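For reference, the chains in residue letters:
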Amino acid sequence: MFVTAPWRARAGVLAPAGGRWDFVIVGAGTAGMPAAIFAARRGARVLLLDAAGDVGGTLHLADGEIAAAGTRAQLAKGITDDSPDRHYADILRLSGGRADPRIARRVADEAPAMVNWLLDNGLVPLPEHPITGHPGRDGYSVARYLWGKEKGRALLTVLRRELAAEVGRGRVDVQLDTRVRSLLVDGNGAVTGVRAHDASRRVLELHGRHVLLTTGGYAMNPGLFERLVGQPAYAASSYPYSQGDGLELATSAGGYLRGQDLHRCGSGSILTSNRFPARVYARFTTMPQQRLPWEIWVDSGGRRFIREDEPSLLVREQTVVRLPELRYAIVFDRGILDAAPIGIPGWTREQLLTHFETHPMFAHADSLDALATRARIDATGLQQTVRDYNTAVARRGRDALGREHLPRAISQPPFYAITQLGHSATSSAGIVVDGALRVLRGGGAPVPNLYAAGEVLGSGATLGNAFVPGMMLTPAMSLGRWLGQTLPI
């Protein structure tokens, strides 16, 4: 249905007066909304499409973290020595040099105007912001990272209001509950529009001078997820409409993908079920800055794979992503259960014990062999690992992996294991574009009239396989805005 502010149906409008729009934007989320707003302000006729029943995309769920150099938020804190060049250098450093330098450069240059626009239109950062980053992670060289109290919804509030104004002026048509199924392509291979199905299953052919793919990622499409990154989509924790439609559309026109090798899986969570995809149920604290480890962590072979008090979250995450099936178990005994702080925030000892009787990710047994069977761990490997670890405890610090916090041996039954699985709510792989955000074919030539911005480019384009503060939402909004401002009308 076509909608106008506040997103009510406006029936019967299937084409603009001139026969086609200047912009057909597929995806009314973090990148698509700014593209529509700023194109409309230049006088463009814009059609904004989305498969969902509301605008906003992942902003409904996101933490709302953004970053830019030279913002008014920095000036308010007396920070005057930042620059896009410095931001760009930080993006490359924090991503381990694996972010796309063309995309990173464009984002660093365009982000200040985008963030200042948000600040001018009502975004209020938390009082202590901007900051350099999160504890346990490498951060920026200067404080430029910020978000508001309402997180992603704080950004959505601004975008929704500004988009509604353009809809009200008749410059933007918004059609929701409409999924784009294919691109319209002429005899020369140029994209001329899209073919979509609306909520009534009508087939619509919608023509535009420029077609923008801003559909987000594929994290909620388990089959595509596993096909692209070679790992199961364990957790259903992303936006339901993150189905990978934009990637499929781009490749149908000759585009190709990159970033399959840049999958990030975090340091693991306890999921609701062993039938996947499942939801995140809880997380055992793995940050030594918050709770020093008493337990050991073992892979499916029963082997420790990292010093459990490793201070770097990035090192922990990049170790987990190399594990078979991204799976490990946190192993301990009755003595540790009695002596250590509870490892799951907010839980009581009694609550924890109950889960060993009822939850599939929790196992206990009176012997290590039986525990290994119940937790799907190799028994021989686990026995040897526990012996080696107990020897290190007795020697007071001679741990083979360099662990320093060795409070007590694992020797008193019953024994316990909690399974954590690495998962991601983002999509590392995405469409390859050039510096003008034109979708590229395998030979390097652009697909005429087809552009892409946002997570459809893949998180790897701005994060590499690491974490760069604010470099998911900031690129989406900044690049969407830039397309809306610069493509000819």
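A. A look at the environment of Val24. With respect to the secondary-structure elements, Val24 resides in strand S3 (residues 21–26). C-alpha of Val24 to C-alpha of Leu450: the two residues are 426 residues apart in sequence and 9.9 Å apart in space. Discounting residues that sit within four places of it in the chain, Val24 has contacts with Leu47, Leu49, Val194, Leu206, His207, Gly208, His210, Val211 and Leu212.

B. Structural view of empty space enclosed by the protein. This model, assessed by the stated rule, comprises four cavities of 30 Å³ or more. There is about 80 Å³ of room inside the largest cavity. What lines the largest cavity is a set of 13 residues, among which Gly454, Glu455, Gly458, Thr462 and Pro475 lie closest to the centre. Those elements giving two or more residues to the lining of the largest cavity turn out to be helix H13 (460–463) and helix H14 (473–486). Top contributing element to the lining of the largest cavity by residue count: H14, with three residues. Among the residues making up the lining of the largest cavity, the classes are represented as eight nonpolar, four polar and one charged. In this structure, the second largest cavity occupies an estimated 60 Å³ of space. Lining the second largest cavity are Phe284, Arg291, Glu295, Phe332, Ile336, Leu337, Ala340, Pro341, Ile342, Gly343 and Leu352.

C. Layout of the pairing of strand S8 (residues 179–185). As paired strands, S8 and strand S9 (residues 191–197) are joined by six bridges and run antiparallel to one another. Opposite Ser182, over in S9, you have Arg195 as the bridge partner. Here S8 hands over to S9 after five residues, with Gly189 in that stretch at a positive phi of 85 degrees.

D. Highlighting the pattern of salt bridges. Following the criterion strictly, the structure yields 33 salt bridges and no others. Across the pair Arg98 and Asp261 runs a salt bridge, and its minimum N-O distance is 2.8 Å. On the criterion of sequence distance, the pair formed by Arg98 in the loop between helix H3 (84–94) and helix H4 (101–120) and Asp261 in the loop between strand S11 (257–258) and strand S12 (270–271) is long-range, its members being 163 residues apart. The network of salt bridges with common partners includes Arg41, Arg161, Glu162, Glu166, Arg169 and Arg171.

Conventions and cut-offs
- Residues numbered from 1 in each chain as written.
- Predicted model: local features only at pLDDT ≥ 70, side-chain atom pairs only at ≥ 80, totals over all residues.
- Heavy atoms only, no water.
- Helix = DSSP H or I, 4+ residues; strand = E, 2+ residues; numbered from the N terminus.
- Contact = heavy atoms within 4.5 Å.
- 1 Å grid on protein atoms, 1.4 Å probe; cavity = no way out; pocket = protein on both sides within 12 Å on 5 of 7 lines; lining within 4 Å.
- Points joined across faces, edges and corners; volume = space filled by probe spheres on them.
- Nonpolar A, V, L, I, M, F, W, Y, C, P; charged D, E, K, R; others polar.
- Pairing = 2+ DSSP bridges.
- Salt bridge = Lys/Arg side-chain N within 4 Å of Asp/Glu carboxyl O.

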